[in-house]
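Structural overview
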Amino acid sequence: MSKSVEHATDRSPATPPTTPSPKVDAGFGVIHEEVLVAVAPDKVGEVHAFEEEALEPNSFHQYTDEQDHDRYPHRAAAREETVEIKSNIVEGTGTPAATVAVAQAALARAEAVDVEPPADVVAAGAQVLKEAGVEVEDEVFYPDDDKVIETEQLARTYREQMATFAGRDMSAASASWNVSQCVSPQRYDPTIPYITGFSNGTEITDPIILHFEFNELFDDFRWLKGALYRNGPGIFDIEFYSGRIMQTMSFEHWFDGLPLVHRFEIDGWAGEVQYRSRFTGKGLEQLVRKHAERTQNGQLPNMGRLGFKRLAADSSAACANLAILPGFPFTSGPLSGEKETSTASLLATSDSVLQEIDPVTLLPKRAFTYADINPKFKGSVSCPVPCWDASRNVLVNYTMDYLPGGNARYTFFEIDPKDQFTPPGIMIASIHAPATHAHSFALTNRYIILIVYPFSSSWRAGIPSILAGTQPAPMELQFDTSGITSFHVIDRMRREEVAVFRTGPLFALTVLNAHDSNDGESIEIDINAYDSKEILSSWRLNSLRKPEMYPWPPATIRRYVLSKIPEAATVFKVGKKNLPQPSFTHRTDYTLEMSCINPRFAMKAHRFAWGLSITPAKRNLTNVVWDALVLADLTDKTKIEWREAGCYPGEPIMVPSPVKISEDEDAGVLLSVVLNSSTNTSFLLMLKASSMEEIGRANLPVHIPFGFHGAWTGELHG
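Thresholds applied
- Counting starts from 1 at the beginning of each chain's written sequence and moves along it residue by residue.
- Confidence filtering applies because this is a predicted model: local features only for residues at pLDDT of at least 70, side-chain atom pairs given and counted only at 80 or more, and all residues used for totals across whole chains, interfaces and linings.
- By convention in this description, side-chain values take in all heavy atoms of the structure and omit both hydrogens and water.
- Secondary structure elements follow DSSP: runs of H or I no shorter than four residues count as helices, runs of E no shorter than two count as strands, and numbering proceeds from the N terminus.
- Exposure is judged per residue with a 1.4 Å probe applied to protein chains only, and the accessible area is read against the type maximum: over 50% gives exposed, under 20% gives buried, and values in between give partly exposed.
- Contacts between residues were defined by any pair of non-hydrogen atoms, one from each residue, lying within 4.5 Å.
- Per-residue and other accessible areas follow the Shrake-Rupley method at a 1.4 Å probe size, with only the shown protein chains counted as cover for residues.
- For the purposes of this section, nonpolar cores are sets of buried Ala, Val, Leu, Ile, Met, Phe, Trp, Tyr and Cys residues that join through side-chain atoms within 4.5 Å.
- Salt bridge, as used here: a side-chain nitrogen of Lys or Arg that lies within 4 Å of a carboxyl oxygen of Asp or Glu.
- A residue's pLDDT is simply how confident the predictor is in it, with values from 0 to 100.
- Between any two strands, pairing holds if DSSP finds at least two bridges.
- Axes, fitted as lines to C-alpha atoms, cover a helix only where it is in contact. Angles between the N-to-C directions of the axes lie from 0 to 180 degrees.
- Identification of polar contacts relies on pairs of N or O atoms within 3.5 Å, with a donor-acceptor requirement for protein atoms, meaning one able to donate a hydrogen and the other able to accept it, and with residues adjacent in sequence counted only if both atoms are side-chain atoms.
- To estimate how far a helix should extend, the number of its residues minus one is multiplied by 1.5 Å.
- Arc, as used here, means the arc of the directions from the helix axis to the C-beta atoms.
- Centres within 6.5 Å are what make two rings of Phe, Tyr or Trp a pair, Trp counting through its six-membered ring; a difference in plane orientation under 30 degrees is then read as stacked, over 60 as edge-to-face, and the rest as tilted.
- We call a charge positioned above a ring when the Lys NZ or Arg CZ atom is no farther than 6 Å from the ring centre and deviates by at most 35 degrees from the ring normal.
- The definition used for a disulfide is geometric: two cysteine sulfur atoms within 2.5 Å.

Before going further, it helps to spend a moment on the overall build of the protein chain. Helix and strand content of the protein chain: 14 helices and 41 strands. Taken across its 718 residues, the protein chain has 58% of its residues classed as buried. Counted over contacts in the protein chain with a minimum sequence separation of 6, partners at least 24 positions apart contribute 65%. Within the structure as shown, the protein chain displays about 29,900 Å² of accessible surface, and the carbon and sulfur contribution to it stands at 50%.

Counting residues in each nonpolar core, the largest one holds 108 residues, and the members touching the most others are Trp-254, Tyr-410, Ile-525 and Trp-539. Of all the elements, strand S23 (residues 447-452) adds the most residues to this core, at six residues. Ignoring sequence-local partners within four residues, the contact set of Tyr-410 consists of Tyr-398, Thr-399, Met-400, Ala-429, Ser-430, Ile-431, Ala-433, Pro-434, Ala-435, Thr-436, Leu-450 and Val-452. Phe-212, Phe-221, Ile-653 and Leu-671 belong to the second largest nonpolar core, which has 26 residues in total.

Let us look at the pattern of salt bridges. Counted according to the given criterion, the structure contains 25 salt bridges. A salt bridge links Arg-230 to Glu-651; the nearest nitrogen and oxygen atoms lie 2.5 Å apart. Of the two residues, Arg-230 sits in strand S6 (residues 225-230) while Glu-651 sits in the loop between strand S36 (647-649) and strand S37 (653-656), which places them 421 residues apart along the sequence. For the pair shown, Arg-230 and Glu-651 are each scored as buried. Measuring nitrogen to oxygen at the nearest pair gives 3.2 Å for the salt bridge that ties Glu-285 to Arg-289. With Glu-285 and Arg-289 both in helix H9 (residues 282-295) and four residues apart, this pair spans about one turn of that helix. Arg-289 carries the same exposure label as Glu-285, and that label is buried.

Let's shift gears to unusual backbone geometry. Its identity as a non-glycine residue notwithstanding, Arg-495 has a phi of 55 degrees, on the positive side. Relative to the helices and strands, Arg-495 resides in the loop between strand S26 (485-491) and strand S27 (496-503). If you check the backbone angles, Met-603 has positive phi at about 65 degrees while not being a glycine. One can find Met-603 in the loop between strand S32 (593-596) and strand S33 (608-613).

Moving on, we come to the confidence of the model for the protein chain. Across the protein chain, the average pLDDT comes to 77, with 67% of residues at or above 70. Taken as a whole, residues 137-180 scores under 50 in pLDDT and shows 90 contacts with residues more than four places along the chain or in a different chain. Here residues 459-475 scores under 50 on pLDDT; set against residues more than four positions off or in separate chains, the count is 40 contacts.

Moving on, we get to the sheet that holds strand S22 (residues 442-443). On the basis of which strands lie adjacent, the open sheet formed by four strands has the order S22-S23-S26-S27 and antiparallel pairing. For this open sheet the edge positions go to S22 and S27, each flanked by a neighbour on one side alone. With two bridges joining them, S22 and S23 adopt antiparallel strand pairing. Opposite Leu-443, over in S23, you have Ile-448 as the bridge partner.

Pairing is antiparallel in the open sheet, where four strands are placed in the order S32-S33-S34-S35. Among the strands making up the open sheet, the edge pair consists of S32 and strand S35 (638-642). For this sheet, the mean inter-axis angle between neighbouring strands, taken without regard to orientation, is 25 degrees. Pairing geometry for strand S34 (residues 628-633) and S35, over five bridges, is antiparallel. Across the sheet, residue Leu-631 finds its bridge partner in S35, namely Ile-640.

Glancing now at the environment of Ile-428. Structurally, the position occupied by Ile-428 is in strand S21 (residues 426-434). Residues Ile-428 and Arg-494, 66 residues apart in the sequence, show an inter-C-alpha distance of 8.5 Å. With residues up to four places along the chain from it excluded, the contact list for Ile-428 reads Val-396, Phe-412, Phe-413, Glu-414, Ile-448, Ile-490, Asp-491, Arg-492, Arg-495 and Glu-496.

Turning our eyes to something else, we now look at the environment of His-586. Among the secondary structure elements, His-586 is positioned in strand S31 (residues 583-586). Those residues in contact with His-586 that lie beyond four places of it in its chain are Thr-556, Ile-557, Arg-558 and Lys-637. A distance of 3.0 Å separates polar atoms of two side chains, one belonging to His-586 and the other to Thr-556.

When the terminal C-alpha atoms of H9 are compared, their 20 Å separation across 14 residues agrees well with the 20 Å that a helix rising 1.5 Å per residue should span. Extensive coverage of H9 is indicated by the burial of ten of its 14 residues. Turning to H9, its buried residues number three or more, namely Lys-282, Gly-283, Leu-284, Glu-285, Gln-286, Leu-287, Val-288, Arg-289, His-291 and Ala-292.

Turning to helix H14 (residues 565-574), its buried residues number three or more, namely Ile-565, Ala-568, Ala-569 and Phe-572. Mapping the buried residues of H14 onto a view down its axis gives an arc of 105 degrees, with all of them on the same face. Turning to H14, the residues buried within the fold contact S23, S27, strand S29 (523-530) and strand S30 (556-562). Lys-576 sits one or two positions beyond H14 and adopts a positive phi of about 60 degrees.

On to the side chain of Ser-538. Secondary-structure assignment places Ser-538 in helix H12 (residues 534-538). The residues touching Ser-538, leaving out its near neighbours within four places in the chain, are Ser-543, Leu-544, Trp-552 and Pro-553.

A separate point is the side chain of Ser-682. One can find Ser-682 in strand S39 (residues 681-688). With near-sequence residues (within four places) excluded, Ser-682 lies in contact with Val-673, Val-674, Leu-675, Asn-676, Asn-699, Leu-700, Val-702, His-703 and Ile-704.

What follows is about the packing of aromatic side chains. Under the counting rule described, the total for this entry stands at 30 aromatic pairs. The interplanar angle of 45 degrees and the centroid separation of 5.7 Å between the aromatic rings of Phe-212 and Phe-214 together place this pair among those described as tilted. Of the two residues, Phe-212 and Phe-214, neither departs from the other in class, the shared state being buried. One aromatic cluster in this structure is built from Tyr-194, Phe-198, Phe-236, Trp-254, Phe-255, Trp-539, Trp-552, Trp-626, Tyr-648, Phe-706 and Phe-708. For the cation-ring pair, Lys-639 lies above Tyr-590, with the distance from its terminal atom to the ring centre recorded as 4.4 Å. Geometry around Phe-683 places Arg-697 over its ring, the cationic atom sitting 4.1 Å from the centre.

Across all of its chains, the model carries zero disulfides by this definition. Between Cys-387, a free cysteine, and Cys-383, which holds the nearest cysteine sulfur, the sulfur-to-sulfur gap is 6.8 Å. Overall, Cys-387 belongs to the buried group, its relative accessible area being 17%.

What follows is the structure in structure tokens.
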């Protein structure tokens, strides 16, 4: 049985920010609860107001982001809050003529968004117009009381629907935290138990203390202290105007959602967990909305390099939603800052775009590409999950550039934190191979292994060329079910490709681990392998939100062995014909997706792995997503599961025990963010890694949408 931390239960969460006061800006007229204001560009602070009684607040959602007043003027007006007036009032500001212009603009704005502004504000504005000799049409400026009541009732009804859908009281959360898009819950099918995981998330920018429950096992893990980061999509649907009608567009794929980054700060000795989150792609969100309003397109394809040209001016124009890289090394050059050696927390995606965020507040700081670090690292695509070689203390990754004919150029490089060269980093090798969708790659002490899955590319102009002004890019990769999967072996010392192995078609997102054999002549690679890329198609949003979603295709952990590397190198050098074929064995008979190992065993022989799976009884059923966390023993092929009815876990992160406590491979804590479908909220789950026994959980007041990759760091920065 779990028990609560005694001193933590008496503490209330830190109060998140309330709706800020309206910003008085140059050239803006605003409708306020109490006053109607006009401000001159050269006379900021000189306010002309109508003295009116304060209006009663209603219960509609209070947005913390000031830009939402521009996005949703009809909502702001319905709440009787500030609305920005789109008018050019410059000359004569502060004179009666300017006041008349402000009143006209305010009323025109209200009419344009098809809402009824507050009656007393309308009356005051109409009175000004009459005194100025401007003819007033009563039917335009004086709304019926019934219509005002109808607008307020509409707002309350919407709030009640949101509360019913979420299964909890939304009043406190909505008053303090920012839901970037309040898409109607009617868009989602409540019969799908996990549907909340594929709906828009909530931003909590100020830290709150979570209700943390733990049991007696937790006492053995009091050493746990650090920060868990999570990255993944937080916005799947965006509202936009089609004339006066509010419509909603949805991204095509789970991978396309705009990022929502999460930070859990854990203090084991204090028994406390703090949480905060932030939308880091707000600039891109605006860009997508403007495109939707301009084209009246309710659905966008894969966004690719959307907003790429805006990154220098607006770092939040990046869609870095796949991974987070705390401690990324900056050594020298323009990105390292004043220090000779520095590190940064970066968000990564597959488009070679990196977004730096503050490691504590999560605010975006800048966005750039690998080519900005070193021009030799140029490429339109990169691996979002680079490898870290702890023995040499270097980061290893690659970029990819598409070439005509379906081929690509892959550039492999490493960055050493102690590197004092300008620009930093070393290019290891550049090879040509077919273009592929590679989410990860393999690294050993001696080799880099790129697995090229059998894709063929087709060229078309898509959203990136429309919005970013780039040349058409290969946006479609078609899987060849009869194609060849090739393992390209790059020697890290000789800095060249030395061998290629070929086998039949397969696809994988997760390369679990790889290591050299004791004699140095073979390589073992563990991957979670599918027979095809059908899993990617299964993750389209229209499929994930379908009441009868088909079962996801199965995968298994396969251990591929690339044998006799010296002989394979000779064959490759002589003629590149009759290339050798790798052998493999199945280490599991079930999926182990988004899997991890003890990080101390990276590039070494390992026995244990932790990952997501579907319980055997549900694997062939419709409407089933990962519902179990699994500890897999890859040596004797046994497993231990954690599962709970109505709960859907996310990617596990294994935090190993300090060496002075235990050096066992399975000693440590397993962390996972879990969606509880009975409450439509999430919790941070903590398990004893060796036995999968629960040691504690920290409950959130909101749900966290299903995400991708996270990271653990012992550095708290704050």
